[in-house]
Amino acid sequence: MESLQHYLISLTAVSLLIALCQAAMPSGTVKRVSCFTCSLLLFVVVVRPVLRTDFNLLFSRWESAYAALAVHDERLESTNYSVTEQLIARETGAYIESKADSDGISCEVTIHCREENGLPLPDRADVSGTLDSGAQSILTALIQKELGIPSERIQFTQEKGGSP
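All values derive from a computational prediction rather than experimental measurement.

A.B. asks: What's the story with the environment of L40 in this structure? I'm lost.
C.D. replies: Position of L40 relative to the elements: it lies in helix α2 (residues 29-52). In this structure the C-alpha to C-alpha distance between L40 and Q155, which are 115 residues apart in sequence, comes to 83 Å.

Structure follows, in structure tokens:
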């Protein structure tokens, strides 16, 4: 940033000096030669930073920045997947609980996800509550229909006071 500041100050100073020289020159051949000379001087001032640039250093810094962005991108994707998985598990569990509640069944549903094509999909369900075999059958059918989870991946846990 400091080098850019120095560059802009020198460019401004040379431009002002050229403007003063051009204003003081008499018209004619002398003015045309001085105009050409001043243009060359301004060109050198503008191009000098490009000629002094260490492109290998610039390229290595660019590579470092790109690598840091790639690492950040991987972390962001991982976090995004994790948050999406948690959201899907929580919301699908709440959805099944709501559907069960509308059928008069009180339960707690925990959904576990698997990854398929980079997306978290419901894979397994843990259902807890005071549930008789009829309620378990209704919940099994509901979970199979709504989430596509087969019955062998639905686990029922009885709370105290319920029948097995």
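A.B. asks: Where do I start with the packing of helix α3 (residues 55-102) against helix α4 (residues 133-147) in this structure?
C.D. replies: Two quantities define a packed helix pair, namely the angle between the helix axes and the distance between the axes. The N-to-C vectors of α3 and α4 enclose an angle of 135°; their axes lie 11 Å apart at closest approach. When the interaxial angle is binned, α3 and α4 end up oblique. For the element pair α3 and α4, the recorded crossing hand is right-handed. The segment α3 lies against α4, with T92, Y95, I96, K99 and A100 engaging L139, L142, I143, E146 and L147.

A.B. asks: Sorry, what's going on with the side chain of Q136 here?
C.D. replies: Counting through the fold element by element, Q136 comes out in helix α4. Of the residues examined, Q136 reaches a relative accessible area of 19% and is grouped as buried. Setting aside residues no more than four positions away along its own chain, Q136 makes contact with L131, F156 and Q158.

A.B. asks: What's the story with the nonpolar core in this structure? I'm lost.
C.D. replies: Among soluble globular proteins, nonpolar side chains are generally buried collectively. One finds C107, V127, L131, L139 and I143 to be the most contacted residues of the largest nonpolar core, which totals 19 residues. Elements supplying a minimum of two residues to this core: α3, β1 (108-116), β2 (119-129), α4 and β3 (154-158). No other element matches α4, which puts five residues into this core. Ignoring anything within four residues of it in the chain, the contact list for L139 reads A100, I105, C107, V127, L131 and F156. L11, I18, C38 and V45 belong to the second-largest nonpolar core, a separate cluster that totals five residues.

A.B. asks: Even after reading the chapter, I still don't get α4, so can you show me in this structure?
C.D. replies: Think of an α-helix as 3.6 residues a turn; residues three or four steps apart then line up on the same face. A rise of 1.5 Å per residue sets the reference length of α4, with its 15 residues, at 21 Å; its end C-alpha atoms lie 20 Å apart and thus fit the reference within 8%. Buried within α4 are the following residues: A135, Q136, L139, T140, L142, I143 and L147. Take α4 and look down its axis: the buried residues cluster within an arc of 165°, on one side only. In α4, the exposed positions angled more than 90 degrees off the buried face are occupied by S133 and K145. Packing partners of the buried residues in α4 comprise α3, β1, β2 and β3.

A.B. asks: Could you clarify how one ought to interpret the pairing of β3 in this entry?
C.D. replies: The two faces of the sheet receive side chains in turn, since in a regular strand these alternate between them. Relative to β3, β2 runs parallel, the two being bridged by five bridges. Counted as the bridge partner of S128 is T157 from β3. What joins β2 to β3 is α4, and the crossover it makes is right-handed.

What counts, and where the lines are drawn
- Residues numbered from 1 in each chain as written.
- Predicted model: local features only at pLDDT ≥ 70, side-chain atom pairs only at ≥ 80, totals over all residues.
- Heavy atoms only, no water.
- Helix = DSSP H or I, 4+ residues; strand = E, 2+ residues; numbered from the N terminus.
- Axes fitted to C-alpha atoms, helices over the stretch in contact; angles between N-to-C directions.
- Parallel < 35°, antiparallel > 145°, perpendicular 65-115°, else oblique.
- Left-handed = near helix turned anticlockwise from the far one by under 90°.
- Contact = heavy atoms within 4.5 Å.
- Buried < 20%, exposed > 50% of the residue type's maximum accessible area, 1.4 Å probe, protein only.
- Core = buried A, V, L, I, M, F, W, Y, C linked by side-chain atoms within 4.5 Å.
- Expected span 1.5 Å × (residues − 1).
- Arc of directions from axis to C-beta.
- Pairing = 2+ DSSP bridges.
- Right-handed = clockwise from strand over helix to strand, strands pointing away.

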